[in-house]
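Residues per chain, in single letters:
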Amino acid sequence: MGKIGGFKEFKRQNETNLAVKSRVENYKEFTVPLPEKELKKQGSRCMDCGIPFCHSGCPLGNLIPDFNDMVHKGEWQKASDLLHATNNFPEFTGRLCPAPCEQACVLGIIDSPVAIEDIEKSIVEKAFANGWIQPILPKHRTGKTVAVIGSGPAGLAAAQQLNRAGHSVTVFERDDEIGGLLRYGIPNFKLEKEIIDRRIHILEKEGIIFKTNVDVGGNYDLKNLDYFDAIVLCGGATKKRALPIDGADAKGVVQAMDFLTQQTKQLFNKEIEGTLLSAKDKNVIVIGGGDTGSDCVGTSNRQGAKSVTNFEIMEKPPELRSEKTPWPFWPLQMKTSSSHEEGCDRNWLINTKEFIKNAKNELIAIKTAEVSWTFKPGERPILNEKPDSEKIWPCDMVLLALGFTGPETSLSEQLGLELDTRNNYKAKKYQTNVPHIFTAGDMRRGQSLIVWAISEGREAAKEIDTYLTSESFLSSKGKGDLLSAN
Ligand SMILES: Cc1cc2nc3c(=O)[nH]c(=O)nc-3n(C[C@H](O)[C@H](O)[C@H](O)COP(=O)(O)OP(=O)(O)OC[C@H]3O[C@@H](n4cnc5c(N)ncnc54)[C@H](O)[C@@H]3O)c2cc1C
């Protein structure tokens, strides 16, 4: 531990953001990193607890107190090696993770937790800037072949781990670019797409083959997969949740993912599918208060919306951690994202009842009602509508950010794979009912987080390696020892 009592001496500092007025003029990232001197202080706030709860908070088991200490001492390259030993892509999690590690940080009981996520991002960015992140090629090839279907964080993590174990890996992606939701789901202002490309170049140099515009089971016959000794399905949970109420077919009722995907495609001069969706000069209502909803708010403001309103059907969370979710659990607590700060009228306990349209089938308003919830132990929560609370909200565009209902089932149907009770791909230790077919990420666990996708990709790779070679030296959660490969 670098500095005894550092947490008493220094207050938590975070990266700052550029002013709203300037950042909404473009789609670039807008964070201002902390200077190195400040980062060292932030690293020294880590108490090196006897039991570092941050480890258990992190699905990857990142060795957080150790890299905090290294940053405090200025040992940046060592910190990068240690961080990469448990996390293949800290540049993604360092930008986008909701940081369950910080919510589990022991310092959080009495003070602001250590700024772990900012430290993580600084380590990986310094490592890239200094050329410390170089391709690591396996020392020998096993002769075994693995197909990875889907190139989101789960597929990419599985591919890198399996390649390190010496297997020949091909990643198939039906989109025109690699990255899964990181590419066209998450807006450029949260993750500039060059950050993905920078990592893909490393993976290519390591020997991984990427094939885009290949829809496995669609324009790519499944018979071709017979060539591979093992297959890992990382197709995500991409079935969008609809809102099947009156008027849902109105022009102007749009799925959030269609809107977000189009915006990023336009930014990179890509061809877009369907009619152009634009929030410019429109009164926009975003239904759904999660990450996707927040991304729609930020994108609408950048496109020049006249107004942006956000509805959430759940009640407003408390400003401070709810007693129902004490430390070190993930807290039920009010979250204001940088997109919300950019301008948005937020409303809770609102249920949308009808999309109102004109004779030309164009959306002109929506009808809502205020609601409350009744919770009874062991029962599903009951939604109650408040009498006489209906309201009409004039609007020109509604973005449905209601999440995903689960993975697409075309692959499971064609390959004879079982689903679990929540309609996700069923697997035991990431292995489906067909022994050489494995699955990981949102496809297996349902809609989740990047950090979980990376963790699942790594864990699945270890199981596949064991299946192919009877034993595996790949690391598992929190045990990163891998960087020299096989
Ligand atoms: C708008 C939005 C914002 C988000 N923001 C955050 C955030 O800030 N932080 C966070 O932690 N998480 C966030 N998430 C969640 C996160 O992006 C996902 O949990 C994560 O990307 C899941 O990774 P995955 O690899 O399992 O699947 P995905 O990223 O969904 O990738 C699956 C890939 O498989 C491909 N595919 C599917 N079927 C086939 C096939 N048959 N053949 C070839 N390719 C196929 C798809 O095209 C896709 O590219 C967000 C999600 C959305 C939608």
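The numbering scheme is per chain: residues are counted from 1 as the chain's sequence reads. At least 70 in pLDDT is required for a residue's local features to be given in this predicted model, at least 80 for side-chain atom pairs to be given and counted, and no such filter applies to totals for whole chains, interfaces and linings, which use all residues. Side-chain calculation: all heavy atoms of the structure are included, whereas hydrogens and water are not.

**Quick notes on the site of the ligand**
Taken together, 35 residues lie near the ligand, and Leu96, Ala154, Glu173, Asp442 and Ser448 sit nearest. Within the backbone of Val216, an N or O atom sits 3.0 Å from a nitrogen atom of the ligand. Counting of polar contacts relies on pairs of N or O atoms within 3.5 Å, with two restrictions inside protein: one atom must be capable of donating a hydrogen and the other of accepting it, and residues adjacent in sequence are counted only when both atoms are side-chain atoms. Asp442 places a main-chain nitrogen or oxygen 2.8 Å from an oxygen atom of the ligand. Within the complex, 95% of the 1000 Å² of free accessible area of the ligand lies under protein. Helix numbers and strand numbers start at the N terminus; a helix is a DSSP run of H or I with at least 4 residues, a strand a run of E with at least 2. Secondary-structure elements contributing two or more residues to the shell around the ligand are helix H10 (153-164), helix H13 (256-267), helix H14 (291-303) and helix H18 (450-469). The dominant element in the shell around the ligand, judged by the number of residues it contributes, is H14, at three residues. Classification used: nonpolar for Ala, Val, Leu, Ile, Met, Phe, Trp, Tyr, Cys and Pro, charged for Asp, Glu, Lys and Arg, polar for all others including Gly. Here the shell around the ligand is built from residues that sort into 18 nonpolar, ten polar and seven charged. Distances are taken per atom, and a residue is near a molecule or strand as soon as one of its heavy atoms is within 4 Å of it. Where accessible areas are quoted, they stem from the Shrake-Rupley method and a 1.4 Å probe; at the residue level, only the protein chains shown are allowed to cover.

**As for helix H9 (residues 116-129)**
Between its terminal C-alpha atoms H9 stretches 20 Å, which fits the 20 Å expected from 14 residues at 1.5 Å a residue. Residue exposure (1.4 Å probe, protein chains only): buried if accessible area is under 20% of the type maximum, exposed if over 50%, otherwise partly exposed. For H9, the tally of buried residues reaches eleven of 14 residues, placing the bulk of the element in the interior. The complete set of buried residues in H9 reads Ile116, Glu117, Asp118, Ile119, Glu120, Lys121, Ser122, Ile123, Val124, Ala127 and Phe128. Expected span of a helix: the number of residues minus one, times 1.5 Å.

**Considering the environment of Trp348**
Note that Trp348 resides in strand E11 (residues 345-348). Once the C-alpha coordinates of Trp348 and Gln77 are considered, the two residues, 271 residues apart in sequence, prove to be 46 Å apart. Any two residues whose heavy atoms approach within 4.5 Å are treated as being in contact. Those residues in contact with Trp348, other than ones at most four positions away along the chain, are Glu312, Met314, Glu315, Lys316, Pro317 and Met334.

**Overview of H10**
Since the α-helix turns once every 3.6 residues, residues separated by three or four places project in the same direction. Under the 1.5 Å per step criterion, the end-to-end length of H10 is 16 Å for twelve residues, consistent within 8% with the ideal 16 Å. The first or second residue beyond H10 is Gly166, which carries a positive phi of 100 degrees.

**Brief notes about the domain arrangement of the protein**
Domain boundaries shown here were taken from an automatic or database domain assignment. Along its sequence, the protein is organised into domain 1 (6-129), domain 2 (145-238 + 405-469) and domain 3 (242-402). Between the C-alpha centres of domain 1 and domain 2 the distance comes to 28 Å. Together domain 1 and domain 2 conceal approximately 2300 Å² of surface at their shared face, both sides included; 67% is due to carbon and sulfur atoms. The interface formed by domain 1 and domain 2 holds 13 residue pairs in polar contact (both at pLDDT 80 or more) in total. At the level of elements, helix H6 (76-86), helix H7 (90-96) and H9 are the ones that each hand at least two residues to the side of domain 1 that touches domain 2. Top contributing element to the side of domain 1 that touches domain 2 by residue count: H7, with six residues. For the side of domain 1 that touches domain 2, the class distribution of residues is 13 nonpolar, five polar and five charged. Throughout, the accessible surface (probe 1.4 Å) given up by two parts as they are put together, summed over both, is called the buried area.

**A closer look at unusual backbone geometry**
Note that the residue after Trp327, namely Pro328, is joined by a cis bond; omega there is 5 degrees. At Ala99, a position not held by glycine, the phi torsion is positive, near 60 degrees. Position of Ala99 among the secondary structure elements: in the loop between H7 and helix H8 (100-104). Using a relative accessible area of 3% as the deciding quantity, one classes Ala99 as buried. The phi torsion at Leu349 lies on the positive side, around 55 degrees, for a residue other than glycine. For Leu349, the location among the structural elements is in the loop between E11 and strand E12 (350-357). Given a relative accessible area of 23%, Leu349 falls into the partly exposed group.

**Brief notes about the environment of Ala369**
Turning to its location among the elements, Ala369 is positioned in strand E13 (residues 363-374). For Ala369 and Lys353, which are 16 residues apart along the polypeptide, the C-alpha to C-alpha distance reads 7.0 Å. If we skip the residues at most four places from it in the chain, Ala369 touches Leu349, Ile350, Asn351, Lys353, Glu385, Ser389 and Glu390.

**Details of the packing of helix H5 (residues 64-73) against H6**
Throughout, an axis means a line fitted to C-alpha atoms (over the contacting stretch in the case of helices), and angles, computed between N-to-C directions, take values from 0 to 180 degrees. Put simply, H5 and H6 touch, their axes get as near as 8 Å, and they point 165 degrees apart. As far as their axial angle goes, H6 and H5 are roughly antiparallel. The interaxial crossing formed by H5 with H6 has left-handed handedness. Taken together, the residues of H6 that come into contact with H5 (itself represented by Asp66, Phe67, Met70 and Val71) are Trp76, Lys78, Ala79, Leu82 and Leu83. By definition in this entry, angles of less than 35 degrees are roughly parallel, angles greater than 145 are roughly antiparallel, angles of 65 to 115 are roughly perpendicular, and the rest are oblique. When the near helix sits turned anticlockwise from the far one by under a right angle, the crossing is termed left-handed; a clockwise turn instead gives a right-handed crossing.

**Some words on the nonpolar core**
The biggest cluster of nonpolar side chains holds 64 residues, and the ones touching the most others in it are Phe67, Phe92, Ile123, Leu191, Phe210, Val232 and Ile464. Buried Ala, Val, Leu, Ile, Met, Phe, Trp, Tyr and Cys residues that are joined via side-chain atoms within 4.5 Å together make up what is termed a nonpolar core. One finds Ala147, Ile149, Leu222 and Tyr425 within the second-largest nonpolar core, a separate group that totals 17 residues.

**Quick notes on the sheet that holds strand E4 (residues 168-172)**
We call two strands paired when DSSP finds no fewer than two bridges between them. With parallel pairing, the five strands of this open sheet are ordered in space as E5-E4-E3-E6-E18. Unpaired on one side and paired on the other, strand E5 (209-211) and strand E18 (437-439) mark the two borders of the sheet. Between one strand axis and the next, the sheet turns by 20 degrees as a mean value, whatever way the strands run. Pairing of strand E6 (residues 230-233) with E18 involves three bridges; the strand directions are parallel. Residue Val232 lies in a different strand from E18, and its bridge partner there is Phe438. Strands strand E3 (145-149), E4, E5 and E6 of the sheet are contacted by H10, whose axis makes an angle of about 165 degrees with E4. Along the sheet, H18 contacts E3, E6 and E18; its crossing angle with E6, the most-contacted strand, is approximately 165 degrees.

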